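Report on the structure
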Amino acid sequence: MSESRNSFEDKIYLSLRHYSNVHRGSGLFSMISTSLYEEARKIVLGYLSCDKSYVVIFCSPYRASGLAKNLDQGSYKIISGDMAGLNIGLSAIAVKKGKLPPEGPFHSGGGTTVLVSADRVAWAAAPDRFEAGTPSIINVIAFARALQCLKMKGAEVSREKLKISEDPDDLDGLSGRVLLDRLQESVIGRNIPVPVSNGISSYINLDYAASTPALLPAWRAYLQALFSGCENDPGLISRAKAAISQLLNAPAEKYDIIFTSNTTESINIVAEGTDGSSVLVSILEHNSNDLPWRLKHNVVRLPVDKYGFISQAELENILASNPQIKILAMSGASNVTGTCNDLAEISKTAHHHGVKVLIDAAQLIAHRRVDMDSCETDFLVFSGHKAYAPFGTGVLVARKGSLNFSDEEWNGIRSSGEKNVAGINALGESLSMLNRVGMDLIMKNEQDLLRKAIREMSEIKGIQIFGLNDPDSAAMDQRVGVISFFIKDVWPDKIAKGLAQRGIGIRYGCHCAHILVKHILNVSPRLQKFQFVIAWLFRSVRFPGVARISFGIGITEADILQFTRTLKEIAGKKHSHPSDIKSRMDEYANSVKEKVFGL
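The structure presented is a predicted model; accordingly, all values stated were derived computationally and were not measured.

**Some thoughts on the sheet that holds strand 2 (residues 76-80)**
An order of 1-3-2 is seen for the three strands of this open sheet, with the pairing classed as antiparallel. With one partner strand each, in any of the chains shown, strand 1 (54-59) and strand 2 form the two edges of the open sheet. Sheet twist, expressed as the mean angle between neighbouring strand axes with direction ignored, is 20°. Pairing of strand 2 with strand 3 (residues 91-96), which is carried by five bridges, proceeds in the antiparallel orientation. What sits directly across from Tyr76, in strand 3, is Val95. Sheet contacts for helix 2 (residues 28-47): strand 1, strand 2 and strand 3; angle to strand 1, the most-contacted strand, approximately 115°.

Shown next, in the form of structure tokens:
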């Protein structure tokens, strides 16, 4: 039995239509992506003839090599995407559970922990402990399906051309508002009918801060380079680098552009490639811009005010009194409060003290203009899955000569990231589209939605919106479209569940920013200690944190109004749902899994 390329691509496209970040989302799409991702582990185990005493870890070739060095020979089996004929830069390691390192992971960051504080970490169980950052979900699904094809008698993937019925008219020559409107139509996964508590409704994805859906042009670019034999165009990687350089104003003569698997891996690489001195880290940071520094550096904390802004005077004082600080690690935009600090002023202050600056632009890259050359930024990191190209590519932009690696180490890092030719090509196309629209227009469009959402949400009794929350203030321009909130007497998980049952996907919890969430919720030191006891006893526990919505190109004002109407019902406890809604959602998710992986 063989599967045509057309059929293979249709199955991956179906996964992409229901794409969301895995494990920690509350909507139906997150539920579906998680189910497909975990099924892929089982398929890898079956292909490698491993039983349940093994656990599968998905990672980049670079990270796989580092993990393998810490494993006993004969305790693991490894397979890569290129062995399945795919240019996705993905490795899968099946390891005997009792042979995994008991200590912290080789690379740390988002998803590797249960709970984090300023001075302690409760690591997650395997495999999560070894899958730092957002995994390459679509690539994993494609890889697993390819392995299924390899097991079929006489299986091969033929070269039929894929035809997508939703393909819009040619976008060549379009720019500005016209292109933005067309791109909004091309966001894959918009308006899919799904089961809800009162029947069927179009799905609304308000979880862009976790992972963005794909633009159709990015999907086409992905397919262009997905299969072995399609990667031989030497211009694919150079064109992607040119798009990144242009969007960030990062001249090629000043900056190196290195491809990785995600933002987390990029930051781990900078932490490995810089001297083991002190690093100043703001309390705004996602775990991915905190935990990697702890492995090799002394971490000094930079406080923020109640809105998430740093004090320039306090920054100056900390740097002046701590000459051992050599790096400042700072988020461009908070994934909890949406706060955007003044990166130009921060860089100016840091450089005055001889301190290099790393900007985590994961939440910034797709939402507003970034100018590395003007800000004299030393390092900038981001991921394609935050910029409408969720195909497993991360980016590290580094000032030339700023990292200390041998030629052999550099070759290993570069070759690992550049194996994902399909993801790189998709990211280059997506960023080219954003650049043609214009980041100022994208920012204005998002600001209108942000102000509308906060204005509507503010009418709900007992709601607390974190960060800047006056929709009429000019200061609102200093935050992106991320809104974290809390409603008195309604737990965040209940909010998320209620919205999910009405076809709206959001996220709740600590959002891999535990230190900041504890700060804005005023969690006492005593309660934090108790939380760690619970985390160590029960690894699967999930702390409620705050509810969060987030949006981007694919969200409309109608989506915001539907969300706020539903949220008001939940807050007023007028929301009810039939007892069969969970079974209907499960049935829908299972039907997608069967279509993707069914033989």
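Now that the structure has been shown, we can carry on.
**Comments concerning a nonpolar patch on the surface**
There is a patch of nonpolar side chains on the surface, built from Val533, Leu537 and Phe538 and spanning about 310 Å² of accessible area. In this fold, Val533 is placed in helix 18 (residues 525-537).

**Some remarks on the pattern of salt bridges**
Enumeration according to the criterion identifies 25 salt bridges in this entry. Between Asp440 and Arg369 there is a salt bridge, with its nearest N and O atoms 3.0 Å apart. Residue Asp440 is located in helix 15 (residues 439-457), and its partner Arg369 is located in the loop between strand 13 (356-360) and helix 12 (372-375); the two are separated by 71 residues in the primary sequence. By relative accessible area, which is 53% here, Arg369 ends up exposed. Of the charged contacts in the structure, one is a salt bridge between Arg502 and Glu569, with a shortest N-O distance of 2.8 Å. Taken as a pair, Arg502 in the loop between helix 16 (492-500) and strand 18 (504-505) and Glu569 in helix 19 (residues 557-571) lie far apart in primary sequence, 67 residues in all. Owing to a relative accessible area of 16%, Arg502 belongs among the buried residues under this scheme.

**Describing the sheet that holds strand 10 (residues 278-282)**
Here we have seven strands laid out as an open sheet, ordered 9-15-14-13-12-10-11, and mixed in their pairing. Every interior strand has two partners, whereas the edge strands, strand 9 (255-260) and strand 11 (298-302), have only one. Each strand of the sheet is rotated relative to its neighbour by a mean of 20°, with strand direction disregarded. Here four bridges tie strand 10 to strand 12 (residues 325-331), and the two strands are oriented parallel to one another. The partner of Ser278 across the bridge, within strand 12, is Ile325. Sheet strands in contact with helix 8 (residues 263-272) are strand 9, strand 13, strand 14 (379-383) and strand 15 (394-399), and its direction is about 155° off that of strand 14. Sitting on the sheet, helix 10 (residues 312-321) is in contact with strand 10, strand 11 and strand 12, with an inclination near 155° to strand 11.

Analysis parameters
Residues numbered from 1 in each chain as written. Predicted model: local features only at pLDDT ≥ 70, side-chain atom pairs only at ≥ 80, totals over all residues. Heavy atoms only, no water. Pairing = 2+ DSSP bridges. Helix = DSSP H or I, 4+ residues; strand = E, 2+ residues; numbered from the N terminus. Axes fitted to C-alpha atoms, helices over the stretch in contact; angles between N-to-C directions. Contact = heavy atoms within 4.5 Å. Patch = residues over 30% accessible without salt bridge, like charges linked within 9 Å, V, L, I, M, F, W, Y side chains within 5 Å. Areas by Shrake-Rupley, 256 points an atom, 1.4 Å probe, with all protein chains shown as cover. Salt bridge = Lys/Arg side-chain N within 4 Å of Asp/Glu carboxyl O. Buried < 20%, exposed > 50% of the residue type's maximum accessible area, 1.4 Å probe, protein only.

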